[in-house]
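Here are the chains, one letter per residue:
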Amino acid sequence: MSKKQSNSQDNDPEFWDLAEKFIELANTSVDTSDLGKVGAAMLYAAARFNTFVVAASSIDRKEFIEDADDTMDYLSKQFRHMLGDNLRDFKDNYKVYIKHSDDENA
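Residues numbered from 1 in each chain as written. Predicted model: local features only at pLDDT ≥ 70, side-chain atom pairs only at ≥ 80, totals over all residues. Heavy atoms only, no water.

For the protein chain, an unreviewed UniProt entry supplies the name DUF3144 domain-containing protein and the organism Thiothrix winogradskyi.

Enquirer: Even after reading the chapter, I still don't get the overall build of the protein chain, so can you show me in this structure?
Expert: From N to C terminus, the protein chain includes four helices and zero strands. If you list the helices and strands of the protein chain from N to C, you get α-α-α-α. For the protein chain, the proportion of its 106 residues judged to be buried stands at 10%. (Helix = DSSP H or I, 4+ residues; strand = E, 2+ residues; numbered from the N terminus. Buried < 20%, exposed > 50% of the residue type's maximum accessible area, 1.4 Å probe, protein only.)

Enquirer: Just checking my understanding: could you explain the pattern of salt bridges for this structure?
Expert: In the structure shown here, the tally under the stated rule is three salt bridges. In this structure, the salt-bridge partner of Asp17 is Lys21, at a minimum N-O distance of 3.3 Å. With Asp17 and Lys21 both in helix 1 (residues 13-29) and four residues apart, this pair spans about one turn of that helix. Ionic pairing is found between Asp85 and Arg88, a salt bridge with its closest N-O pair at 2.7 Å. Placement of the pair is Asp85 and Arg88 together in helix 4 (residues 68-97), with a separation of three residues, close to one helical turn. (Salt bridge = Lys/Arg side-chain N within 4 Å of Asp/Glu carboxyl O.)

Enquirer: I would appreciate a short explanation of helix 2 (residues 35-57) in the present structure.
Expert: Note on helix geometry: an α-helix contains 3.6 residues per turn, so any two residues three or four positions apart are oriented the same way. In this model helix 2 runs 33 Å from its N-terminal to its C-terminal C-alpha over 23 residues, within 8% of the 33 Å that 1.5 Å per residue would give. If you check the start of helix 2, you find a side-chain oxygen 3.0 Å away from the backbone N of Gly36, and it comes from Asp34. (Expected span 1.5 Å × (residues − 1). Polar contact = N/O pair within 3.5 Å; in protein donor to acceptor, adjacent residues only side chain to side chain.)

Enquirer: What's the story with the packing of aromatic side chains in this structure? I'm lost.
Expert: The description of an aromatic ring pair rests on the distance of the ring centres and on the angle between the ring planes. Inspection of the entire model under this criterion finds three aromatic pairs. Look at Phe49 and Phe52: their rings are 5.8 Å apart centre to centre, the planes differ by 45°, and that puts the pair in the tilted class. Here Phe49 pairs with Phe52, and both are found in helix 2, just three residues apart, close to one helical turn. Take Phe49: its relative accessible area is 51%, and that puts it in the exposed class. (Phe/Tyr/Trp six-rings, centres within 6.5 Å; stacked < 30°, edge-to-face > 60°.)

Enquirer: Mind showing me how you'd approach a nonpolar patch on the surface here?
Expert: On the surface, Leu43, Phe79, Leu83 and Leu87 cluster together into a nonpolar patch covering about 390 Å² of accessible area. Broken down by element, the residue count for the nonpolar patch peaks at three residues, all from helix 4. With respect to the element layout, Leu83 can be found in helix 4. Overall, Leu83 belongs to the partly exposed group, its relative accessible area being 39%. (Patch = residues over 30% accessible without salt bridge, like charges linked within 9 Å, V, L, I, M, F, W, Y side chains within 5 Å. Areas by Shrake-Rupley, 256 points an atom, 1.4 Å probe, with all protein chains shown as cover.)

Enquirer: Just checking my understanding: could you explain the confidence of the model for the protein chain for this structure?
Expert: Any residue range with low pLDDT should be treated as having predicted coordinates unsuitable for detailed reading. Confidence in the prediction for the protein chain averages 90 pLDDT; 87% of positions are at 70 or higher. Across the protein chain, the secondary-structure element scoring lowest on mean pLDDT is helix 4, at 96, and the one scoring highest is helix 3 (residues 61-66), at 98. Contacts of residues 1-6 to residues separated by more than four positions or lying in other chains number eight contacts, the stretch itself having pLDDT below 50. (pLDDT = per-residue confidence, 0-100. Contact = heavy atoms within 4.5 Å.)

Encoded structure:
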C-alpha cells in the first residue's frame, strides 16, 4: 500500500464529501435494516473496495501477493487510528450526536 495515501485526506474536501455520502447512505439504511447489519456491511464494503484498490494498483498478481501483509498492517493501522479519532469525538460530543431522554446523569 502506498505510503503516499497517509493523512493527505485531512485537508481534502473531496475526501470529506465522499465520506459524508457514505455516512448518509448508512444513516438512511438504518430505516429499513438493523443498525449492526448496516455497520457490518459498511465494514465489509470498505475491506472489499480497499482490496480492489490495492489489486488494481499492483503491477501484477505476484506484487499483490507480496504486498498483502504490508497492506493488512497499513489498513489495520489506518482503521484503528480513524476509529480512535471517532470514539474520542463521540466521547466529547455524545449528547450532541446521540439524544436520549434519560441523559440527565451521563
